[in-house]
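Chain residues, written in single-letter form:
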Amino acid sequence: PFIEAINPSDLAPPAGHFDRAMRIGPWLTVSGTSALTNLTGPVEDRRLPAGFRAQADLAFDNIAIVLAAVDAGFEHVYEVHATLARAEDFGTLNEIFRERIPQRGFVGSGYVAEFLGPGMLIEVEVRAYLPHFAGDAPAPHPTHPNGDNS
């Protein structure tokens, strides 16, 4: 299908009315993912690991499960949006970025916010390009308003 919901069975069903990821042709958007993503039950009853590094590693492990469901990995990720509970954890997050996507950088942004889940310290959303699905739909071809694409 041109638009496909991705909900790997290795992860808990989403706690709300959303999917773990959506694939539109070769483009994948992974919903905000945390250390809660693999846990079942009401969000308020799920128990998070202690500490930022443990939560961040689990969030990235959960993203890896979503990527694997479409035969992809972090090498396919080109955009990352991270929301942290504390700005001082950004240095650790940057270390994790270098570990998980060592071959290059990416487009990204970071935010500090309060989370719905008590004790939650990080949530990460990623976008990936999946060349093995490139034939599923024509890639958008932007045209400059004056018709010049050079």
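As a starting point, this report considers the structure included with it.

What counts, and where the lines are drawn
Residues numbered from 1 in each chain as written. Predicted model: local features only at pLDDT ≥ 70, side-chain atom pairs only at ≥ 80, totals over all residues. Heavy atoms only, no water. Phe/Tyr/Trp six-rings, centres within 6.5 Å; stacked < 30°, edge-to-face > 60°. Helix = DSSP H or I, 4+ residues; strand = E, 2+ residues; numbered from the N terminus. Buried < 20%, exposed > 50% of the residue type's maximum accessible area, 1.4 Å probe, protein only. Lys NZ or Arg CZ within 6 Å of the ring centre and 35° of its normal. Contact = heavy atoms within 4.5 Å. Patch = residues over 30% accessible without salt bridge, like charges linked within 9 Å, V, L, I, M, F, W, Y side chains within 5 Å. Areas by Shrake-Rupley, 256 points an atom, 1.4 Å probe, with all protein chains shown as cover. Salt bridge = Lys/Arg side-chain N within 4 Å of Asp/Glu carboxyl O. Pairing = 2+ DSSP bridges. Core = buried A, V, L, I, M, F, W, Y, C linked by side-chain atoms within 4.5 Å. Axes fitted to C-alpha atoms, helices over the stretch in contact; angles between N-to-C directions. Left-handed = near helix turned anticlockwise from the far one by under 90°. Nonpolar A, V, L, I, M, F, W, Y, C, P; charged D, E, K, R; others polar.

Attention now moves to the packing of aromatic side chains. Tallied over the full model, the rule gives five aromatic pairs. A centroid spacing of 5.9 Å and a plane angle of 40° characterise the contact between F60 and F74, whose relative ring orientation is tilted. In this pair, F60 is assigned in helix α1 (residues 52-68) and F74 in the loop between α1 and β4 (77-84), connecting sequence segments 14 residues apart. Using a relative accessible area of 0% as the deciding quantity, one classes F60 as buried. Its relative accessible area of 10% is what places F74 among the buried residues. One aromatic cluster is present, built from ring pairs that chain together F60, F74, F97 and F106. Lying across the ring of F133, R23 places its NZ or CZ 3.8 Å from the centre.

Turning our eyes to something else, we now look at the environment of F60. As for F60 and T33, which are separated by 27 residues in sequence, their C-alpha atoms are 7.9 Å apart. Sequence-distant contacts of F60, that is, excluding residues within four places in its chain, are made with F74, L93, I96, F97, R100 and V124.

Note: most peptide bonds trans; most residues except glycine with negative phi. Despite not being glycine, D71 shows a phi value in the positive range, around 55°. With respect to the helices and strands, the residue D71 is situated in the loop between α1 and β4.

Together, F2, I3, M22 and I24 make up an exposed nonpolar region whose accessible area comes to about 350 Å². Topologically, F2 is positioned in the segment before β1 (3-6). Judged by relative accessible area, which is 44%, F2 ranks as partly exposed.

Turning our eyes to something else, we now look at the pairing of strand β3 (residues 27-33). Bridge analysis of strand β2 (residues 21-24) against β3 gives four bridges, and the strand direction is antiparallel. What sits directly across from A21, in β3, is V30. Between β2 and β3, which pair antiparallel in sequence order, lie two residues; one of them, G25, sits at a positive phi of approximately 60°. Taken together, the five bridges between β3 and strand β6 (residues 122-129) define a ladder with antiparallel strand orientation.

Core analysis: the largest hydrophobic core is formed by 29 residues, its most contacted members being L28, L67, V77, L93 and V124. Those elements that provide at least two residues to this core are β3, α1, β4, α2 (90-100) and β6. The element that contributes the greatest number of residues to this core is α1, accounting for six residues. Among residues more than four places away in sequence, those in contact with V77 are L67, I101, R104, V126, R127 and A128. The next biggest cluster of nonpolar side chains, apart from the first, holds five residues, and it includes A35, L48, F115 and M120.

Looking now at the packing of α1 against α2. The description of two packed helices rests on the angle between their axes and on the distance between the axes. Viewed as axis vectors pointing N to C, α1 and α2 meet at an angle of 35°, and their least axial separation amounts to 10 Å. Between α1 and α2 lies a crossing of right-handed hand. Between α1 and α2, the contacting residues are F52, R53, A56, D57, F60 and D61 on the first element and T92, L93, E95, I96, F97, E99 and R100 on the second. Taken together, the residues of the contact of α1 with α2 sort by class into six nonpolar, one polar and six charged.

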